[in-house]
Amino acid sequence: MFKIVKKEVLNPTIVRLVVEAPYVAKKAKPGQFIILRAYQDSERLPFTIAGEDPEQGTVTIIYQIVGAGTLELNQLNEGDELSDFVGPLGRPSELEGLKHVAIVGGGAGCAIAYPLAHKLHELNADVCSIAGFRNKDLVILEKEFEEASQKFIKMSDDGTWGEQGFVTVGLENEILARQGKENQFDEVIAIGPIIMMKNVVAVAKKYNIPCIVSMNPIMIDGTGMCGCCRLLVGGKLKFACVDGPDFDGYEVDFDSAAERNTMYRDWERTKYEEGCNLLKEAK
Amino acid sequence: MAFNMRPTKNPMPTQAPEIRKHNFDEVAIGYTQEMAIDEAKRCLNCKNPGCVPGCPVHINIPAFIAKVAEGEFEAAYQIISESSSLPAVCGRVCPQETQCEEHCIRALQKLPKKDENGAMIKDENGKPVMVQGEAVGIGRLERFVADYHREHAAVAVPEIQKNGHKVAVLGSGPSGLACAYDLAKWGYDVTIFEALHVAGGVLMYGIPEFRLPKAIVQNEIEGLKRMGVKIMTNMVVGRVISIDELMEQEGFEACFVGTGAGLPRFLGIPGENAKGVYSANEFLTRVNLMKAYQNDSSTPIQHAHNVIVVGGGNVAMDALRTPLRLGAEHVTCVYRRSKEELPARKEEIEHAEEEGVVFDLLRNPVKILEDRTGSPSPRSPEYNPNYGNVIGMKVQKQKLGEPDASGRRRPIPVTVEEDPDAIYTIPCDCVIIAIGTSPNPLIKDTTPGIETNKHGCLIVNEENNETTKDGVFAGGDAVTGAATVILAMGAGRKAAKSIHEYIQAK
Ligand SMILES: Cc1cc2nc3c(=O)[nH]c(=O)nc-3n(C[C@H](O)[C@H](O)[C@H](O)COP(=O)(O)OP(=O)(O)OC[C@H]3O[C@@H](n4cnc5c(N)ncnc54)[C@H](O)[C@@H]3O)c2cc1C
Ligand code: SF4
Ligand code: FES
């Protein structure tokens, strides 16, 4: 049903899949996500839609091999079929009307940030992309960002790619450079690890710039049925899968979100190691 | 035929509580043929039976029971299936004690008590000791008949004359399955659109294996497929495709919306986002649909020691009994009214008690307490892997006041002035919230012309289950809010009839 038509390794742990899913391709909008199951009885894994081709009926996703679930997904190759693929889920990002936007992506979060940059570029917005990676070996989508942005700021923790430092440094410098000018940012969009998003929000807040973040809590159904994706936003419970995944960064309780994401940390680690060992034995 | 005048029901053979609380196998084992015939003979075959009007779908109860008494089990099945399309399910999960069995004449009679030899037992004054009769075990007989049919009848591939009309059914819970069944039988080309990766709705993701084996649900679904019903999973209507698109572009002449009431409510108290706090839907979905009870499952679940479940309905009973089977030592039900008001089926409450569930009644949660000792960081020497986990729940005692709108007595908080111990803490490492669900707003939000009431339930014409949108019908929990399998099934069948009339009149 959901055939993998293309599989591309972007860096040692990040992979791009193009999947045949005509219904999803017809409806997908930037910021929405899908949930897939690799095999029957696999976990339901959520991934942001990284691109779609309604004519070909295909949808692109990018995943990072971080746990047992993605390790298992990575066993599938071009020509194989996924057991399930449902979407588009969640609310699309609100991009209309934005003129000067900073898109901040951290690590694998860049895979989610890129389609937004691309879409905004298409809408003729002035896009400044700020991407951060631990080191140059982990960089993904460099060319794509380059093409979709008026300005592309590269940051790495160890200085092997672009400037050394966190994305917050790049962002703050750029905000200062544009301060009082016509091209000052009317919005910052941040996607990446929770701690990064929290820090980006702090910078944006300092300069009074609205900041949207894209949350990725643990999910099961993705339709509002289980409530396991709930977050505290402005003191109220919100379900990321139906009310999000985008939220006003000023309102999100990042600490509680970070905590909830560690709910199954030990279990995940054991499963992942088991998975790795099985693969080694198989080889 | 001689009636059996024993006042009591044949007990249902079950797995012993000590054993069953450690496994996910079905609790009830089912009647043998002998037990079923014996029980069936307790039915008086009333001229004006009380049971039939008590049944939401008016199964001809005395007729099917008479067939059981004669040992004609397949004939009994045929009588039930005139009115019900899911007897194996309903025989297991229906609240018979408030439906058919509540009105059974045998439950209203007092009869003399007899000893093992059939001799009347008398009191010291020489008067016979009388006992309150029990209803005929209608539910147990229904279950027996359905199981007999599944195990003995040849798999039939029905010959159906197709009529060429296309109908879409949204949701594959009992309402959707029942609607699809009737429409397919009448020749319609039916497609079920289901949001999840398997069909069955709450029967698959909510009600646990030990109460309703999933193989039974899948057997019903296979039967539908044999009738030519197409089932498309992974189709969240409203996101993947809209009702308007189904009707305008995909050629469906009518739609049935049976999308249930799947949106869980939370308490809105501090600490509800702590690790170890689940909605019942999440906990049960992980265990049932995602099979977290199997050791090699790819879905994690917390194996808690000390679990509190908030709520007192069927969902709460399932949420209480499931963690026991995952190894929990203490499981406590916190409910804000008293035992009389517990909305769950009586049998489930009894089963839960037998398995060691503690009922802490007239208590209302006020706060969930979290572990804030040590550090959340694995790199810190003070690392505490349980940082942010639930460690307890603060509850407040309640007393009962006047009946409220629901007719049940309203809980009123006991103040600390009235009782210095009115607020106290129950330790726990997991909280499951089972205080109800409401319909998901997705269908309403994505379908112009569909209206809902203030609870988010779809508004329908009670005569024919048509919504406020032409050609769109609805039924089950999506219309009533969380209710029962039998009501959902009945609504699905009623809507099928209306859809049939609607299309034939076009
Ligand atoms: C844990 C639990 C225990 C229960 N125990 C009992 C019991 O003992 N006895 C009893 O009588 N009742 C019980 N109930 C209630 C009973 O299960 C429900 O009343 C009944 O299942 C409702 O049927 P339904 O067809 O309306 O909806 P559901 O069974 O809820 O099915 C709805 C289906 O629609 C799907 N869906 C939702 N939105 C969409 C969409 N947009 N597009 C496509 N598909 C969609 C859902 O995924 C689901 O599969 C219990 C419920 C729960 C949760
Ligand atoms: S009311 Fe009881 S005794 Fe009478 S027909 Fe119904 S089941 Fe039989
Ligand atoms: S993932 Fe289940 S409600 Fe959001």
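Above this note sits the structure.
Residues numbered from 1 in each chain as written. Chains lettered and ligands numbered in written order. Predicted model: local features only at pLDDT ≥ 70, side-chain atom pairs only at ≥ 80, totals over all residues. Heavy atoms only, no water.

Asks: Would you mind going over the sheet that holds strand β18 (residues 472-474) of chain B with me for this structure?
Replies: Paired through backbone hydrogen bonds, the strands of a sheet run either parallel or antiparallel to each other. Residues and elements named next belong to chain B. The strand order across the open sheet built from five strands is β5-β4-β3-β6-β18, with neighbouring strands paired in parallel fashion. With partners counted over all chains shown, the strands left at the sheet margins are β5 (230-232) and β18, one partner each. Strand after strand, the sheet turns through a mean of 20 degrees between neighbouring axes, direction not considered. With three bridges joining them, strand β4 (residues 189-193) and β5 adopt parallel strand pairing. Looking across to β5, one finds that Ile192 is bridged to Ile231. Taken strand by strand, helix α9 (residues 174-185) contacts β3 (166-170), β4 and β6 (254-257), and its axis lies near 165 degrees from that of β4. (Pairing = 2+ DSSP bridges. Helix = DSSP H or I, 4+ residues; strand = E, 2+ residues; numbered from the N terminus. Axes fitted to C-alpha atoms, helices over the stretch in contact; angles between N-to-C directions. Contact = heavy atoms within 4.5 Å.)

Asks: Explain the interface of chain B and chain A to me, please; I cannot follow it from the model alone.
Replies: The parts lose accessible area when they come together, and the size of an interface is often stated as this lost area. Facing the 48 residues of chain B at the interface are 41 residues of chain A. Between chain B and chain A lies a buried interface of about 3700 Å² when both sides are counted; carbon and sulfur atoms form 53% of it. Among the residues chain B hides against chain A, the three largest losses belong to Arg239, Asn273 and Lys275 of chain B. Together they make up 21% of the total. Counting across the chain B and chain A interface gives three salt bridges. Across the pair Glu259 of chain A and Arg372 of chain B runs a salt bridge whose closest N-O atoms are separated by 3.0 Å. Between chain B and chain A we count 22 residue pairs in polar contact (both at pLDDT 80 or more) in total. (Buried area = accessible area lost by both parts, 1.4 Å probe. Salt bridge = Lys/Arg side-chain N within 4 Å of Asp/Glu carboxyl O. Polar contact = N/O pair within 3.5 Å; in protein donor to acceptor, adjacent residues only side chain to side chain.)

Asks: Explain the side chain of Lys7 of chain A here, please?
Replies: All names here are of chain A. Mapped onto the secondary structure, Lys7 falls in strand β1 (residues 2-11). Of the buried charged residues, Lys7 lacks a salt bridge, with Asp80 as the closest side chain of opposite charge at 7.3 Å. Within polar-contact distance, the side chain of Lys7 engages the side chain of Asn77 at 3.3 Å. (Buried < 20%, exposed > 50% of the residue type's maximum accessible area, 1.4 Å probe, protein only. Lys, Arg positive; Asp, Glu negative; His and termini not counted.)

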